[in-house]
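Here is how the chains run, residue by residue.
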Amino acid sequence: MASKNTPATPAISLPDAVRAALVEIDGAITGHTGNNLVENAYRHQGFRLSLAEVMDWLAAGLRIYDGPSRTEFAAMGKVTNEQRAAWYHIPDRAGAGARVAATLSRYGLAEDHPVTLAPGQSEVKAALGSAEPLAKLAEIHAEAAKKEAERIKAEREQRIKDAVKTAKAVADFGGDPALVWAKAIEQGADAADLRQAFTNAGLTPPAA
């Protein structure tokens, strides 16, 4: 008899489980029409589902979308909002963290594996079109992380440039540049970089 602490052997392989989850997410986002509950939810980062969650639900026999295809929907007569809403399901997410961890454990995956990240539909389609969906997701997320880091860096640099420009204008009118410094720090400017920028501009940074 297996130990209660030993994860159960997955019913299907990891690649098949990942692909099935991607197909389910893609189908749910595509749904029956553009006015789609899951598609609308995916516009908001916090509502996106992780692959591990969907892998867990599919293993339990649950679905996200079980309505008609868009072609089938187009051939249907009048459908009420209640009927349409009944095609979409977001299983109970209570305890999702524990279930995701258990799912990852069953497949021998680390918590920070791309399987835990929530892709948008374009990423889902790209992964589905790849022979190695997890590797493709890892590539997509690495590129996204790089772009996000570049965006944050650019915002910080611009914030410092704006602070220096404002501080010089304040100083020219006899004001105290320290107020601009404090505001820039409050908005997330790096103190060391801001100090160097002030110095380069001929401004005196506040005492540390």
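Residues numbered from 1 in each chain as written. Predicted model: local features only at pLDDT ≥ 70, side-chain atom pairs only at ≥ 80, totals over all residues. Heavy atoms only, no water.

A.B. asks: With reference to specific residues and values, describe helix α8 (residues 133-172).
C.D. replies: Since one α-helical turn is 3.6 residues long, residues separated by three or four positions face the same way. The end-to-end C-alpha separation of α8 is 58 Å, in line with the 58 Å expected for 40 residues at 1.5 Å each. Within α8 the residues assigned to the buried category are Pro 133, Leu 134, Leu 137, Ile 140, His 141, Ile 160, Ala 163, Val 164 and Ala 167. Those residues of α8 that are buried lie in contact with α1 (14-30), α3 (51-59), α7 (121-128), α9 (177-186) and α10 (191-200). Backbone geometry just downstream of α8 places Gly 174 in the positive-phi region, at approximately 80°. (Helix = DSSP H or I, 4+ residues; strand = E, 2+ residues; numbered from the N terminus. Expected span 1.5 Å × (residues − 1). Buried < 20%, exposed > 50% of the residue type's maximum accessible area, 1.4 Å probe, protein only. Contact = heavy atoms within 4.5 Å.)

A.B. asks: How would you explain the nonpolar core if you had to name every residue and give the values?
C.D. replies: Of all hydrophobic cores here, the largest spans 30 residues; its most connected members are Val 18, Ile 25, Leu 51, Met 55, Ile 64 and Val 115. Ranked by residue count, the leading element in this core is α1, at eight residues. When near neighbours in sequence (up to four residues on either side) are disregarded, Leu 51 contacts Val 18, Ala 21, Leu 22, Ile 25, Val 115, Leu 117 and Leu 137. Listed in part, the twelve residues of the second largest apolar core include Ile 160, Ala 167, Trp 181 and Ala 184. (Core = buried A, V, L, I, M, F, W, Y, C linked by side-chain atoms within 4.5 Å.)

A.B. asks: I'd like to hear about α3, residue by residue, with values.
C.D. replies: In terms of residue burial, α3 counts as a mostly covered element, since seven of its nine residues are buried. Those residues of α3 lying buried are Leu 51, Ala 52, Glu 53, Val 54, Met 55, Asp 56 and Trp 57. Elements that come into contact with the buried residues of α3 comprise α1, α6 (96-106) and α8. Looking one or two residues beyond α3, the residue adopting positive phi is Gly 61, at roughly 80°.

A.B. asks: If you had to explain the pattern of salt bridges to someone new, which residues and values would you point to?
C.D. replies: Within the structure shown, the criterion is met by seven salt bridges. We note a salt bridge from Glu 24 to Arg 63, for which the minimum N-O separation is 2.9 Å. Residue Glu 24 is found in helix α1, and its partner Arg 63 is found in the loop between α3 and α4 (70-74); the two are separated by 39 residues along the sequence. Given a relative accessible area of 8%, Glu 24 falls into the buried group. Judged by relative accessible area, Arg 63 falls into the partly exposed class, the value being 41%. Among the ionic pairs, Asp 56 bridges to Arg 99, the shortest N-O distance being 2.8 Å. Residue Asp 56 is located in helix α3, and its partner Arg 99 is located in helix α6; the two are separated by 43 residues in the primary sequence. (Salt bridge = Lys/Arg side-chain N within 4 Å of Asp/Glu carboxyl O.)

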